[in-house]
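So you can see what is in the structure, the chains are spelled out below.
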Amino acid sequence: GAHPDDWYGLAPVSTDTPLRAPGEVVPVSPSDVEKIVRCPLRWVLERHGGGEVGALAAVTGSLVHALVQAEAAGADGAELEGALREAWSRLDAGAPWFGRRELVRVRGMLAAFDGWVRSSRAEGLRLVAVEQPVQLDLGTAGGPRLRLRGRVDRLEVDPAGRPVVVDVKTGKAAVSARVAAEHPQLAVYQLAAALGAFGELLEPGSQPGGARLVYLADQKAGGQAKEPVQPPLADADLEHWRSVVGQCADETSGSTFIARLGPDCERCPVRTSCPLHDAGRPVTRQ
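These numbers come from a predicted model, not from an experiment. Positions within a chain are numbered from 1, following the residues in the order the chain's sequence is written. Reporting of local features is limited, given that this is a predicted model, to residues whose pLDDT is at least 70; pairs of side-chain atoms are given and counted only at 80 or more, and all residues count toward the totals for whole chains, interfaces and linings. To get the side-chain values, all heavy atoms of the structure are used, and hydrogens and water are removed first.

Turning our attention to helix H4 (residues 77-89). The end-to-end C-alpha distance of H4, which contains 13 residues, comes to 18 Å, matching closely the 18 Å that a straight helix rising 1.5 Å per residue would cover. For H4, every residue scored as buried is listed here: Leu80, Leu84, Ala87 and Trp88. The buried side chains of H4 occupy one side of the element, clustering within an arc of 95° when seen end-on. Opposite its buried face, H4 presents the exposed residues Ala78, Arg85 and Ser89, each directed more than 90 degrees away. Its side-chain oxygen 3.2 Å from the backbone nitrogen of alanine 78, aspartate 76 forms the N-cap of H4. A run of H or I in DSSP becomes a helix once it reaches four residues, and a run of E becomes a strand once it reaches two; helices and strands are each numbered from the N terminus. Expected helix span is taken as 1.5 Å per residue step, with the number of steps being one fewer than the number of residues. Working definition: with a 1.4 Å probe on protein chains only, accessible area under 20% of the residue-type maximum means buried, over 50% means exposed, and in between means partly exposed. Of all possible arcs, the one meant is that of the directions from the helix axis to the C-beta atoms. Polar contact is the term for a pair of N or O atoms within 3.5 Å; when the atoms are in protein, one must be able to donate a hydrogen and the other to accept it, and sequence-neighboring residues count only if both atoms are side-chain atoms.

Written out as structure tokens, the structure is:
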């Protein structure tokens, strides 16, 4: 152990093999685009087991999405309540008082979703699909061939027949209108729609009609879900996001991953593995 060859930090790199073999199709998820743009290193570490996700928050979010999907499939209020009670009885929420409070919060989210459905129908939106898969192959100039792959919570059409992507959120705080207008995930879904990813469900040549985030836990007065909207993207905006997706494929397919400083660094769950932060730098340096 005293020999320098055994010292931590002095061993050679174990491999420089790229994450994707040359010529391999590179998958890019719309939900990951924002993470990749902000910090490719964080993306690769979290994607391969480095994330810290609160168990109860993750289960609650999955449960709400499942119940929302069941409602879209025709389940009535009594069926949804029964499914919620059964699922909650098997969930370890910790202290009983906390479990009761969380159950009330979940019921509030489901009520907010019901209210959103009613208001959106009055607005003229029509549901086309729930949990709709998205898969679209794209070529990039000078870079790896990529595959956009994801799943849309709800695909709706507006009165003009244009596709509107709706992403249901269970987080506690809605983003601002400015952030929603530039939201990468929504923009990439609009790009997918413009390139024909929903062709079998829509009228030929349908241009995107915008996208929306529906925050069920962050409600306005009266229990109405907050709904930040991304307007329909112009051709120049769509071309920009196509370029961004190509850059994401480049940055997630090689053997090295860039670490970028940003406003989320202090809350990053993998900062202890980041060379830009004291907590992540090796103790021994060459």
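Pairing of aromatic rings covers Phe, Tyr and Trp, the last counted by its six-membered ring, and requires centre-to-centre distances within 6.5 Å; plane angles under 30 degrees mean stacked, over 60 mean edge-to-face, and any other angle means tilted. Scanning the model with the defined rule gives 2 aromatic pairs in all. Arranged with centres 5.8 Å apart and planes meeting at 85°, the rings of tryptophan 97 and phenylalanine 98 form a pair that is edge-to-face. The exposed category is assigned to tryptophan 97, whose relative accessible area is 52%. Given a relative accessible area of 22%, phenylalanine 98 falls into the partly exposed group.

Further remarks concern the nonpolar core. In this structure, Leu148 and Phe198 are the most contacted members of the largest nonpolar core, which totals 39 residues. Elements supplying a minimum of two residues to this core: strand S1 (26-28), helix H1 (33-38), helix H2 (40-50), strand S2 (126-138), strand S3 (146-157), helix H7 (184-194), strand S5 (211-219) and helix H8 (235-251). Broken down by element, this core gets its largest block of residues, 7 residues, from H7. Beyond its immediate sequence surroundings of up to four residues, phenylalanine 198 is in contact with Gln132, Val134, Val152, Leu155, Val165, Tyr189 and Ala193. The criterion is simple. A nonpolar core is a set of buried Ala, Val, Leu, Ile, Met, Phe, Trp, Tyr and Cys residues joined through side-chain atoms within 4.5 Å. One finds Leu80, Met109, Leu125 and Val168 within the second-largest nonpolar core, a separate group that totals 22 residues. When checking whether two residues touch, look at their non-hydrogen atoms; a contact exists if any pair is within 4.5 Å.

Strand S4 (residues 163-169) sits mainly inside the fold: 6 of its 7 residues count as buried. When DSSP finds two or more bridges between a pair of strands, those strands are recorded as paired. Inspection of the sheet shows S3 paired to S4 by 4 bridges, in the antiparallel sense. Note on S4: the bridge partner recorded for arginine 154 is valine 166. The antiparallel hairpin formed by S3 and S4 contains 5 residues in its connecting segment, where glycine 161 sits at a positive phi of about 85°. As paired strands, S4 and S5 are joined by 5 bridges and run parallel to one another. Bridging across to S5, valine 166 finds its partner in arginine 212.

Time to look at the environment of leucine 186. Within the fold, leucine 186 resides in helix H7. Of the residues examined, leucine 186 reaches a relative accessible area of 0% and is grouped as buried. Residues leucine 186 and valine 164, spaced 22 residues apart in sequence, show a C-alpha to C-alpha distance of 9.8 Å. Once residues lying within four places of it in the same chain are set aside, the contact partners of leucine 186 are Asp167, Ala180, Ala211, Arg212, Leu213 and Gln230.

With that settled, consider the packing of H7 against H8. Remark: H7 packs on H8, axes separated minimally by 9 Å, with the N-to-C direction vectors making an angle of 110°. By the criterion of interaxial angle, the relationship of H7 to H8 is roughly perpendicular. When H7 is examined against H8, the residues Pro184, Ala187, Val188, Gln190, Leu191 and Ala194 are found in contact with a partner set consisting of Leu238, Trp241, Arg242 and Val245. Helix axes are fitted to C-alpha atoms over the stretch in contact, other axes to C-alpha atoms as well, and angles between N-to-C directions run from 0 to 180 degrees. Put simply, angles under 35 degrees are roughly parallel, angles over 145 are roughly antiparallel, angles from 65 to 115 are roughly perpendicular, and the rest are oblique.

Close contact between H4 and helix H5 (residues 96-123) brings their axes to 12 Å; oriented N to C, the two are set at 150°. Of the possible angle classes, the one that applies to H4 and H5 is roughly antiparallel. For the element pair H4 and H5, the recorded crossing hand is right-handed. Every residue of H5 that contacts H4 at Glu81, Leu84, Arg85 and Trp88 is listed here: Gly99, Glu102, Leu103, Val106, Arg107 and Leu110. By the definition used in this description, the sense in which the near helix is turned from the far one sets the handedness, with an anticlockwise turn below a right angle giving left-handed and a clockwise turn giving right-handed.

Further remarks concern the pattern of salt bridges. Salt-bridge detection follows one rule: a side-chain nitrogen of Lys or Arg within 4 Å of a carboxyl oxygen of Asp or Glu. In total, this model carries 21 salt bridges according to the counting rule given. The residue aspartate 158 makes a salt bridge to arginine 162 at a minimum N-O spacing of 2.8 Å. What makes aspartate 158 buried here is its relative accessible area of 10%. Here aspartate 167 and lysine 169 are joined by a salt bridge, their closest N and O atoms 2.9 Å apart. Among the ionic contacts, a cluster of salt bridges with common partners joins Glu34, Arg38, Asp264 and Arg267.

We now examine unusual backbone geometry. Generally, phi is negative for residues other than glycine and the peptide bonds are trans, each holding for most cases. Backbone geometry at glutamate 131 places phi at a positive 50°, although glycine is not the residue there. Position of glutamate 131 among the secondary structure elements: in strand S2.

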